[in-house]
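Tertiary structure, described
The residues making up each chain are set out below.
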Amino acid sequence: MSEDSHLKNSIDLVAARAKLSGAGAPRLWQSLEQLSGTPQFQEFSEHEFPPSAGKGNSEINRRDVLKLMAASAALTGLSACTKLPTEKIVPYVRPPEEILAGRPLFYATSLFQAGVATGVLVESHTGRPTKIEGNPEHPGSLGSSDIFNQAAILNFWDPDRSQAVVYDGRLSTWSDFAASMGNARTLKGAGMRILTKTITSPTLGAQLRALLAQLPEAKWHQYEVSSGDSVREGARLAFGRPVNTVYHFDQADVIVSLDADFLTCGAGHVRYARDFGTRRDLSAGPASKLNRLYVAESMPTATGAVSDHRLPVRSADIDDLARQLAAAAGVGVPPSANASSKIPAAWVGAVGRDLAAHRGSSIVIAGEHQPPLVHALAHAINASLGNVGKTVVYTESIEASPVNQLESLRELVNDLNAGQVDFLVILGGNPVYDAPADFDFATAMQKAKLRVHSGLYHDETAELCHWHAPAAHSLESWSDGRAFDGTVGIVQPLIAPLYDGHSAHEVVALFTADAGKTGHELVRNFWQSQRPEKDKAFEALWETSLHDGLVSGTSLPAISVAPHADFMSLGRTEATSGDPSAIEVVFRPDPSVGDGEFSNNSWLQELPKPITRLTWDNAIMMGPATAQQLGVTTGDYLTLTLGGRRVDAGAYLVPGHADNSVTLHLGFGRARGGSVGTGPGFNSYLLRTSSAPWIAPGAQITKTGKKYAFASTQQQYNIDLDGHPVEEESSAAVGQGGEHGRDLVRIATMEEFSKDPSFAQNPDDENTKGLTIYPGYKYDSYAWGMSIDLNRCVGCNACVIACQSENNIAVVGKDQVARGRAMHWIRIDTYFRGNLDNPEMYYEPLPCMQCENAPCEYVCPVGATTHNAEGLNDMTYNRCVGTRYCSNNCPYKVRRFNFYLYSDYKTPSLYGMRNPNVTVRSRGVMEKCTYCVQRINAAKIRSEEENRLIRDGEIITACQSACPTEAIVFGNINDPTSKVAKLKAQTRDYGLLEDLNTRPRTTYLARVRNPNPEIHS
Amino acid sequence: MPQIFHRSTNFISRLTIYGAVVILGALGYALYTIAMSPWYTQQNVKRQQPVPFSHRHHAGELGIDCRYCHTSVEKSSFAGVPPTQTCMTCHSQIWTNASMLEPVRASYRDDKSIEWVRVNALPDFVYFDHSIHVAKGVGCTTCHGQIAEMPLTQRAGTLYMSWCLECHRQPEKYLRPKSEVFNPYYDPPSGAKQIELGKKLMAEYHVQSLQTCSTCHR
């Protein structure tokens, strides 16, 4: 963006606060830019709602328009005159079993995040994996998934993946590599160190133990950024050993999250979101028993946004809050060293009483980035409240070797610096990039005489290694791994390795007597040795396990542990807090690209992050009060100094961020991140040290005077008229619903809902019903509709990536996103209510509404978007000539236009990834959500062939399938017994902008909050 | 005022006007003829294949069922082109030395696919499904023509959208009993009788006249 666009983006917080406290305060607001009426916001909104539309523009006259139209019509016609190219059909020589060209197969396997396995089903078209879904049988998924699992398919097909064995900068071969590694065995492991990430694979664990037995002088280290060191150490502090905690959110009436984003991060989050969603169900009306969620956190997260009470508090002050809650729950604790923190006593009191009233049906959960002591306190509170064994269950650790990974890496670095390491093998991971800055891993590592790296990318670490061997992706290798509850999933390959990659199993085997064995042999042999079944019985078990994606009966049994009475004295009292007015830095894995593992994934880079809706960047995130104090606004380029280390980065204001705290997301500023990952954002690892890996006090922030341009989608596709410069007459003409504005998100508290179950119904919606000059459509077979439950949606973005993967949606890049051209067919609109410092937050997922009176259809001059017999607004890409009239006329702003050739037609490896049942759109074509019409058609064909009707639930759209909370339900509304019809019959059901008489097929179930009457927020 | 133009110029102006109509008409006709010509549509154009496979011999004279080779026609969108193994089920026993079949043997020996030239191709934005058509009583020869009489395979229709819509608008004109779907010599009843049969089959097989865009385009 140009320099003046930065100037336009100057937020006036004083004006924003004045507007919110004034008489004409908007009921809901979307951005600080909107409240302060920045020129940039005006510009965006003028594009959406031109104040002078229809008044004529003198620059182009009617004749020129006609001339241009005639010329373009002629040219369009000519361009259609192409002969189809001659194609070849290349059949198999010997056909493989089961494969039918044109019919996909699904295989069950597992994918890993920080070592924890989640079951998935992968769709395969004639041997090409194209789409990832959750595995309904797997306890960690129950059929749902998240952004990382959905986007893993792009990582798999990523053309930037490392493709060859490299030795000393030159191409080599796997056999040379294997021979060279084999020599290491003769050394008995002297000076050998192996560095892995977190390992839950029973096979790999056994292999590494065998290696250490065979090479007794070798050592095994583990390091991963999001390894959950605090979780492990917290359990060790409380119970004396690192047990694994499993939560049952479906049993919990009251949940207190101490900086834990348990719905989108950490072990088991997909399952936890599902369980949480079941307690947000209101199908029984006001009699439903909603849970209540309290979240205390600094940076607003997806979990914080769906809470009933959110307390913005510095991360360092969570310790104080935990102690106060523990004291309220009857756990004997000394007060915090940081008693000067600003935790409101009334809040703690009310939460404490609520917890006490729900003994055995509550959960206190600590965030994985909080210090171990907070975890130990959470364990003690749960024990004291009698939650253990009910909502909180302990099992043995799911890891092969649970160690404190930061200390493990420290030990390795010390050994390296002491010159004790001759031979360093790094399996996965990128410590040169993500190790704590004070370790200076790059320098230390180069003291090892021979360095070997196996990874998916030739990254920062690979560059400094002698050998680099490409790793095999989970979709192309054999492995196994444990889920959050210990259930073992078998990882099976969907395809032979694309680039001669080898799994960690095969690399580790090179150092042992198993050298040369394939991953399949290693994993199968291990399980054969573990199971009592022999021969045929084992064969049957193996086949069943592969089919189901898990080995049944392997979830870990609950164990009984009680917290030490004196754990407080054992815990290191973290001196993290200090002066409450000093600014703390909070490090977090990025909500989209994680710790950097996904930084070369363009889907995730372009995904608007929850709440901030920022794409392609990280930033110095801060709250409005801190920004005011520092005189900083969004886009100011700042210098942040922390303990003598500094980074320069742009500031980004986040409503609801705790004061005196800034959040930096990790995973950006890569030096060798691939063609996508190299470039975006800044490297916050440069500030992160081993002494304060997550919360670091004492940051100094100064302005550089320069500006930085962000690409956030928060101000785009704005369909709310609040704050728009719309003229009186036109706002009346579009039927603005009186005092409620456009009333896009309808909200009530449980109390209000009990009094008026129909609160979401607005009589104005009915005024225009039936008014049309067109004859109505008859839907006498199926009528497809969708219901989105705002009470269940947790804003995790899984639907957005699932849609992108299913529908071959292109990425456009930061510059195009900034111009409002992101292509996502479903977006998560985010609204705020209340003051800047602690607003309530609301999500609204917005796909195409599939209007029955669709404004887009009337204006298409070429019949490219038409109404279908089942009520869909069909979009025929090959007919579209790109007038964009439909998009102009769409009140929901859900249509997306290919301004350039966004789809990558050139990279061969991406051909394999695409859904063969959806057209890849070219330049000049409009596109939009079609309710996954390819899935509707497939189900229709199947049902017609079997002479029956489509069963309810047979068609699951991509967004619905991914949704962990089952917020999205699709089906036939003509069938009153269908799930969707029943949901639409609820009193909470309402449509967006129904006063425009669009009759949307996608409707919403209004949000009902369940606040604690004791707390007035 | 004297006339500026001589009377004869009336003729020129008439000629220009009528000429323009005729020329535009002729141009339109020429374009239409080109668009419908075998050169452009590839209709009735025999394709040279690596092996001169004859449907006349196999499907006609020998009476091999369509589904012996096109195995997925009842289950998938794609009817399936037989793998070399299917050819070799017979040709490992008969005509084992025929030079014409050398590419087939070579393919089986070297594990390299035979690259057939595609005869019936639709644009990539059209999603046609064989299984549903076969299940609803659309015969193979309805679209693929007199396949049992083709020594070398050729396209029997233009495969234009208008050609598809002929049947999608009036399925009764083309439907046949399911038992006759794979009969390459099926002789439909003529005129009114076919319409009567077609209407009966439409009701029996639950055949709909699907004309919405997303039926084929997505």
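Computed from a prediction, not measured in an experiment: that's the story for all the values here.

**Here we look at the overall build of chain B**
Within chain B one finds 10 helices and one strand. Scanning chain B from its N terminus toward the C terminus, one meets helices and strands in the order α-α-α-α-α-α-β-α-α-α-α. Its C-alpha atoms give chain B a radius of gyration of 25 Å, more than 25% over the compact-globule value 17 Å for 218 residues. Taking the principal axes of its C-alpha atoms as reference, chain B extends roughly 100 × 50 × 35 Å. Residues counted as buried form 20% of the 218 residues belonging to chain B.

**Re the overall build of chain A**
Each helix and strand in chain A was counted, giving 36 helices and 39 strands. Over its C-alpha atoms, taken along the principal directions, chain A stretches across nearly 85 × 75 × 55 Å. Counting all 1017 residues of chain A, 56% fall into the buried class. Residue pairs at least 24 apart in sequence account for 75% of intrachain contacts in chain A once pairs closer than 6 positions are excluded.

**Quick look at the sheet that holds strand S29 (residues 784–789) of chain A**
Residue and element names in this part refer to chain A. One open sheet holds the four strands; their spatial order is S36-S29-S38-S37, and the pairing between them is mixed. The sheet is open, and its two borders are formed by strand S36 (968–972) and strand S37 (989–990), each paired with just one other strand. Pairing analysis gives five bridges linking S29 to S36, with the strands arranged antiparallel. Note on S36: the bridge partner recorded for Trp784 is Asn972.

**What to know about the sheet that holds strand S10 (residues 254–258) of chain A**
As a general point, the strands of a sheet are linked pairwise by backbone hydrogen bonds and lie either parallel or antiparallel. Residues and elements named next belong to chain A. The sheet built from four strands is open, its strands ordered S12-S11-S10-S13 with parallel pairing. Edge strands, defined here as strands with exactly one partner in the open sheet, are strand S12 (309–312) and strand S13 (362–366). Looking at each pair of strands side by side, their axes are set apart by 10 degrees on average, direction ignored. Where S10 lies against strand S11 (residues 292–297), five bridges are found, and the strand directions are parallel. By the bridge assignment, Leu258 is partnered in S11 with Ala296. Lying over the sheet, helix H13 (residues 345–356) contacts S10, S11, S12 and S13, oriented at roughly 135 degrees with respect to S10.

**Describing the environment of Asp253 of chain A**
Residues and elements named next belong to chain A. Mapped onto the fold, Asp253 is located in the loop between strand S9 (244–247) and S10. Judged by the 19 C-beta atoms lying within 10 Å of it, Asp253 falls in the partly exposed class. Asp253 has contacts with Asn291, Arg292, His358, Ser361 and Ser362, leaving out every residue within four places of it along the chain.

**Thoughts on the domain arrangement of chain B**
Looking at the assigned domains, one finds that chain B contains domain 1 (8–36), domain 2 (55–81 + 120–216) and domain 3 (82–115). Taken over C-alpha atoms, the centre of domain 1 of chain B sits 57 Å from the centre of domain 3 of chain B.

**Observations concerning the nonpolar core**
Residues Ala151, Leu258, Ile381, Ile620 and Cys799 of chain A are the most contacted members of the largest nonpolar core, which totals 269 residues. It is helix H6 (residues 147–157) of chain A that contributes the most residues to this core, eight residues altogether. Ignoring sequence-local partners within four residues, the contact set of Ile381 of chain A consists of Leu325, Ala326, Ala329, Val331 and Val364 of chain A. With 11 residues, the next largest nonpolar core counts Ala135, Cys140, Val181 and Leu201 of chain B among its residues.

**Regarding the pairing of strand S31 (residues 840–846) of chain A**
Residues and elements named next belong to chain A. Counting buried positions along S31 gives seven out of seven residues, so the element sits mostly inside the fold. The side-chain alternation of S31 yields two buried faces, one formed by Glu840, Tyr842, Glu844 and Leu846 and the other by Met841, Tyr843 and Pro845. Direction of pairing for strand S30 (residues 827–833) relative to S31: antiparallel, over a ladder of seven bridges. Following the sheet pairing, Asp829 is matched in S31 by Glu844.

**Structural notes on the interface of chain B and chain A**
Counting from both sides, the interface comprises 36 residues of chain B and, opposite them, 34 residues of chain A. Of all the secondary-structure elements, those providing two or more residues to the side of chain B that touches chain A are helix H5 (84–91), helix H6 (102–110), strand S1 (116–117) and helix H7 (130–135) of chain B. For the side of chain B that touches chain A, the element with the most residues is H7 of chain B, which contributes three residues. For the side of chain B that touches chain A, the residue count by class is 15 nonpolar, 13 polar and eight charged. With two bridges connecting them, strand S1 (residues 88–89) of chain A and S1 of chain B associate as antiparallel partners.

**What about the packing of helix H12 (residues 318–328) of chain A against helix H14 (residues 372–384) of chain A?**
Helix-helix packing: each pair is described by the crossing angle between the helix axes and the interaxial distance. Residue and element names in this part refer to chain A. Running from N to C, H12 and H14 cross one another at 20 degrees; their axes reach a closest spacing of 10 Å. With respect to H14, the axis of H12 lies roughly parallel. Here the hand of the crossing between H12 and H14 comes out left-handed. Seen from H12, the contacting residues are Ile318, Asp319, Ala322, Arg323, Leu325 and Ala326; seen from H14, they are Leu373, Val374, Leu377, Ala378, Ala380 and Ile381. Grouping the amino acids of the contact of H12 with H14 by side-chain chemistry returns 10 nonpolar, no polar and two charged.

**Remarks on the packing of helix H8 (residues 202–214) of chain A against helix H20 (residues 519–530) of chain A**
Residues and elements named next belong to chain A. At their nearest, the axes of H8 and H20 sit 9 Å apart, and the two run at 90 degrees to each other. When the axis of H8 is compared with that of H20, the two are roughly perpendicular. Along the contact surface, H8 presents Pro202, Thr203, Ala206 and Gln207, while H20 presents Leu522, Val523 and Phe526. For the contact of H8 with H20, a count of residues per class yields five nonpolar, two polar and no charged.

**Some words on unusual backbone geometry**
Residue and element names in this part refer to chain A. Residue Asn660 is not a glycine yet carries a positive backbone phi of 55 degrees. Structurally, the position occupied by Asn660 is in the loop between strand S24 (645–653) and strand S25 (661–666). Judged by C-beta crowding, with 22 C-beta atoms within 10 Å, Asn660 ranks as buried. Of note in this structure, Asn808 is not a glycine but carries a positive phi near 50 degrees. You can see Asn808 is positioned in the loop between helix H29 (798–806) and helix H30 (814–818).

**With respect to the pairing of strand S16 (residues 450–455) of chain A**
Residues and elements named next belong to chain A. Most of S16 is tucked away, with five of its six residues classed as buried. With five bridges connecting them, strand S15 (residues 423–427) and S16 associate as parallel partners. If you follow Val425 over to S16, its bridge partner there is Val452. Across four bridges, the pairing between S16 and strand S17 (residues 467–470) is parallel. When the sheet's bridge partners are listed, His453 is paired in S17 with His468.

The rules behind these values
- Residues numbered from 1 in each chain as written.
- Chains lettered and ligands numbered in written order.
- Predicted model: local features only at pLDDT ≥ 70, side-chain atom pairs only at ≥ 80, totals over all residues.
- Helix = DSSP H or I, 4+ residues; strand = E, 2+ residues; numbered from the N terminus.
- Rg over C-alpha atoms; globule rule 2.2 N^0.38 Å.
- Buried ≥ 20, exposed ≤ 12 C-beta atoms within 10 Å, placed from the backbone.
- Contact = placed C-beta atoms within 7 Å.
- Pairing = 2+ DSSP bridges.
- Axes fitted to C-alpha atoms, helices over the stretch in contact; angles between N-to-C directions.
- Domains from an automatic or database assignment.
- Core = buried A, V, L, I, M, F, W, Y, C linked by C-beta atoms within 7 Å.
- Nonpolar A, V, L, I, M, F, W, Y, C, P; charged D, E, K, R; others polar.
- Parallel < 35°, antiparallel > 145°, perpendicular 65-115°, else oblique.
- Left-handed = near helix turned anticlockwise from the far one by under 90°.

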